[in-house]
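Spelled out from the first residue to the last, the chains are:
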Amino acid sequence: MIKINENYLKLQASYLFSDIAKRVSAFQKEHPETKVIKLGIGDVTRGLPPACVKAFHKAVDEMAEDTSFRGYGPEQGYDFLRSAIAENDFRARDAEIADDEIFVSDGAKCDTANIQELFDTDITVAIPDPVYPVYLDTNVMAGRTGAYADGRFEGIVYLEATRDNGFVPRLPQQKVDLIYLCFPNNPTGSTISRDELKTWVDYARHNKALILFDAAYEAFIGDAALPKSIFEVEGAREVAIEFRSFSKSAGFTGTRCAYTVVPKECRAFDARGNSHNLHSLWNRRHCTKFNGVSYPVQRAAEAVYSDEGKVQTAELISYYLENAELICTEIEKLGYSYDGGRNSPYIWVDGQRDSWSFFDMLLEKAGVVCTPGAGFGTCGEGYIRISAFNSYENVAEAMSRIARQLK
Ligand code: PLP
């Protein structure tokens with residue numbers, strides 16, 4: 001008899017985006033004249049930078065000729081891209097990362113989901129609340145949790161991000177082995193200072209733990225005092241793995257390219273306490289289960305680091321950040337408190353009522369769609385996430401409708 005992995009039965013169906021879609025379509029049926037503006041989903045809306053498109057086309061043409069055609073490439077990514085990443089994203093910021101510590105992939109979603117395979121089922125896992133749901137669900141699938149009750153899985157140490165701690169979780173009271181951190185944060189938009197990040201690195205070193213640092217939104221950091229990478233913090237090479245993506249930095253959500261950084265000193269332990277190198281384990285996993293990102297996509301990603309690519313991606317990011325600033329200004333005028341929106345495309349608004357009623361109010365009164373914070377975890381209740389990913393015109397229209405209706 002074929003049996004299932006019963007851990008899958010513990011997963012909570014994610015109704016968040018389907019519930020949103022249902023409410024939006026019901027509203028639209030009743031008000032066909034209203035143009036609904038969506039500031040809910042975290043997907044980018046602007047076209048790829050021209051430098052990336054040019055490199056993409058050129059690489060496709062190369063694939064058409066026998067002489068320049070490429071078949072399977074290196075699973076970890078082509079040297080030209082690994083080296084451009086390590087040089088520009090790390091060494092240029094004094095974070096010592098070697099080219100072969102970069103593993104190119106088709107998404108930070110898959111990487112943050114897959115990495116947990118390297119670790120024992122028995123470890124204690126610390127996960128933020130609210131959270132990008134992938135970290136939690138993949139640990140549930142792997143059997144690292146008990147049952148689900150009252151919004152929480154038994155066995156997980158939840159790292160609460162609340163107004164009291166400025167949406168940067170405090171170190172856990174107990175010993176944990178695996179820690180997920182995400183900054184700039186999805187959904188709260190909060191950032192972490194170098195000193196705060198150092199306390200996590202020190203904790204991990206002291207407890208022989210490992211930090212999985214999701215920096216998918218690092219491109220939005222404009223404040224020079226904030227770290228873009230955990231590897232800008234001393235001592236992190238032994239205790240951290242970092243995830244990055246071209247999705248938000250260069251509009252690659254539909255093109256797919258990301259990477260994971262695993263320093264060679266990074267280690268985990270066997271049952272006898274012997275240390276093992278995670279770089280080799282991840283390399284083994286990656287080469288066994290993944291066959292590389294397509295050549296044209298890697299050439300398009302490489303173009304992000306060209307002179308014109310740098311200018312064009314910076315322009316993309318500032319476009320969304322201007323939207324974010326407008327959202328913050330209008331929300332502030334209405335007297336709501338919020339976090340994020342600076343160094344981040346997300347604005348986390350305290351709705352002063354339950355998340356779904358705030359969502360309904362914005363939809364019904366202003367025809368604007370946001371994301372109810374409760375969908376990201378227990379600590380998200382009472383909040384909504386507004387995303388800056390839309391055209392400036394739509395954001396301006398959405399905010400003036402909100403201002404008119406909520407005053
Ligand atoms: N990590 C975080 C925190 C995200 O919000 C997202 C996407 O929204 C991802 C990772 C996924 O990135 P990718 O498109 O590279 O899979």
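Residues numbered from 1 in each chain as written. Predicted model: local features only at pLDDT ≥ 70, side-chain atom pairs only at ≥ 80, totals over all residues. Heavy atoms only, no water.

A. Inspection of the overall build of the protein at higher detail. In terms of helices and strands, the protein carries 12 helices and 17 strands. For the protein, whose C-alpha radius of gyration is 22 Å, the value lies close to the compact-globule estimate of 22 Å for 407 residues. For the protein, the spread of C-alpha atoms along the three principal axes comes to 60 × 55 × 55 Å. In the protein, which comprises 407 residues, the share counted as buried stands at 54%. By sequence separation, contacts in the protein at least 24 residues apart represent 72% of the contacts at least 6 residues apart. When the accessible surface of the protein is totalled, it reaches about 18,100 Å², and 50% of it is carbon and sulfur. Across the protein, the 45 positively charged side chains and the 58 negatively charged ones have centroids separated by 2 Å. (Helix = DSSP H or I, 4+ residues; strand = E, 2+ residues; numbered from the N terminus. Rg over C-alpha atoms; globule rule 2.2 N^0.38 Å. Buried < 20%, exposed > 50% of the residue type's maximum accessible area, 1.4 Å probe, protein only. Contact = heavy atoms within 4.5 Å. Areas by Shrake-Rupley, 256 points an atom, 1.4 Å probe, with all protein chains shown as cover. Lys, Arg positive; Asp, Glu negative; His and termini not counted. Charge placed at Lys NZ, Arg CZ, Asp CG, Glu CD.)

B. Quick peek at the sheet that holds strand E16 (residues 371–372). Taken together, 4 strands build an open sheet; the order of strands is E13-E14-E17-E16 and the sheet is antiparallel. Looking at strand neighbours, the two that pair on one side only are strand E13 (338–340) and E16, the edges of this open sheet. Most of the contacts of helix H11 (residues 355–366) go to strand E17 (residues 383–387), to which it runs at about 45°, and overall it touches E16 and E17. (Pairing = 2+ DSSP bridges. Axes fitted to C-alpha atoms, helices over the stretch in contact; angles between N-to-C directions.)

C. Spatial organisation of the site of the ligand. Taken together, the neighbourhood of the ligand is formed by 14 residues, with Ala108, Asp214, Tyr217, Ser245 and Ser247 sitting nearest. Residue Tyr217 places a side-chain N or O atom 2.7 Å away from an oxygen atom belonging to the ligand. The side chain of Ser245 places a nitrogen or oxygen atom 2.7 Å from an oxygen atom of the ligand. Across the complex, the protein chains shield 90% of the 400 Å² of accessible surface that the ligand would expose by itself. Judged by its atoms lying within 2 Å of the grid points, the ligand is housed in the largest pocket. Mapped onto the shell around the ligand, the elements with two or more residues apiece are helix H4 (108–114) and helix H7 (246–249). (Near = heavy atom within 4 Å. Polar contact = N/O pair within 3.5 Å; in protein donor to acceptor, adjacent residues only side chain to side chain. 1 Å grid on protein atoms, 1.4 Å probe; cavity = no way out; pocket = protein on both sides within 12 Å on 5 of 7 lines; lining within 4 Å. Sits in = over half its atoms within 2 Å of the grid points.)

D. Highlighting the layout of surface pockets. Here the largest pocket is characterised by a volume of approximately 1,300 Å³. Forming the boundary of the largest pocket are 45 residues, of which Phe17, Tyr132, Pro133, Val134 and Phe376 lie nearest the centre. Looking at the lining of the largest pocket, the elements that each hand over two or more residues are helix H1 (16–30), H4, strand E3 (125–129), helix H5 (134–141), strand E5 (152–153) and H7. For the lining of the largest pocket, the leading source of residues is H5, giving 4 residues. Looking at the lining of the largest pocket residue by residue, the classes come out as 23 nonpolar, 12 polar and 10 charged. (Points joined across faces, edges and corners; volume = space filled by probe spheres on them. Nonpolar A, V, L, I, M, F, W, Y, C, P; charged D, E, K, R; others polar.)

E. The packing of aromatic side chains, seen in detail. Counted by the stated rule, this structure contains 21 aromatic pairs. Ring centres 6.0 Å apart and planes at 70° place the aromatic pair Phe220 and Phe389 in the edge-to-face group. On the criterion of sequence distance, the pair formed by Phe220 in the loop between strand E8 (210–214) and strand E9 (240–245) and Phe389 in the loop between E17 and helix H12 (392–406) is long-range, its members being 169 residues apart. Judged by its relative accessible area of 2%, Phe389 is buried. (Phe/Tyr/Trp six-rings, centres within 6.5 Å; stacked < 30°, edge-to-face > 60°.)

F. Seen up close, the environment of Val134. You can see Val134 is positioned in helix H5. Relative accessible area serves as the criterion here: at 12%, Val134 is assigned to the buried category. Leave out the neighbours within four places in its chain, and Val134 touches Lys109, Thr112 and Ala113.

G. Examining the sheet that holds strand E7 (residues 178–182) more closely. Overall, mixed pairing links the 7 strands, which are arranged E2-E10-E9-E8-E7-E3-E6 in an open sheet. This sheet does not close on itself; its edge strands, each paired only once, are strand E2 (102–105) and strand E6 (156–160). On average, each strand axis in the sheet is tilted by 20° relative to the strand beside it, whichever way the strands run. Judged from the 4 bridges that link them, E9 and strand E10 (residues 258–261) form a sheet pairing that is antiparallel. Looking at the pairing, Arg244 lines up with Tyr259 of E10.

H. How the structure looks around helix H6 (residues 194–207). When the terminal C-alpha atoms of H6 are compared, their 20 Å separation across 14 residues agrees well with the 20 Å that a helix rising 1.5 Å per residue should span. What H6 keeps buried is the set Leu197, Trp200, Val201, Tyr203, Ala204 and Asn207. Buried residues of H6 fall within an arc of 155° about the axis and therefore sit on the same side. Those residues of H6 that are exposed and aimed more than 90 degrees away from the buried face are Asp195 and His206. Tucked inside the fold, the buried residues of H6 contact E6, E7 and E8. At the exit of H6 stands Lys208, carrying a positive phi of roughly 55°. (Expected span 1.5 Å × (residues − 1). Arc of directions from axis to C-beta.)

I. Representation of the pattern of salt bridges within the structure. Taken as a whole, this structure holds 25 salt bridges when the rule is applied. Taking the shortest distance from any N to any O, the salt bridge between Arg244 and Glu218 comes out at 3.6 Å. Taken together, the residues span a long stretch of sequence, with Arg244 in strand E9 and Glu218 in the loop between E8 and E9 at a distance of 26 residues. Judged by relative accessible area, which is 10%, Glu218 ranks as buried. (Salt bridge = Lys/Arg side-chain N within 4 Å of Asp/Glu carboxyl O.)

J. Representation of unusual backbone geometry. Pro184 follows Phe183 through a cis peptide bond whose omega is -10°. Its place among the elements puts Pro184 in the loop between E7 and H6. For the bond from Asn186 to Pro187, the omega torsion is 15°, close enough to zero to count as cis. Position of Pro187 among the secondary structure elements: in the loop between E7 and H6. For Asp94, which is not glycine, the phi torsion reads 65° and is therefore positive. Judged by relative accessible area, which is 69%, Asp94 ranks as exposed.

Keep in mind these values describe shape, not function.
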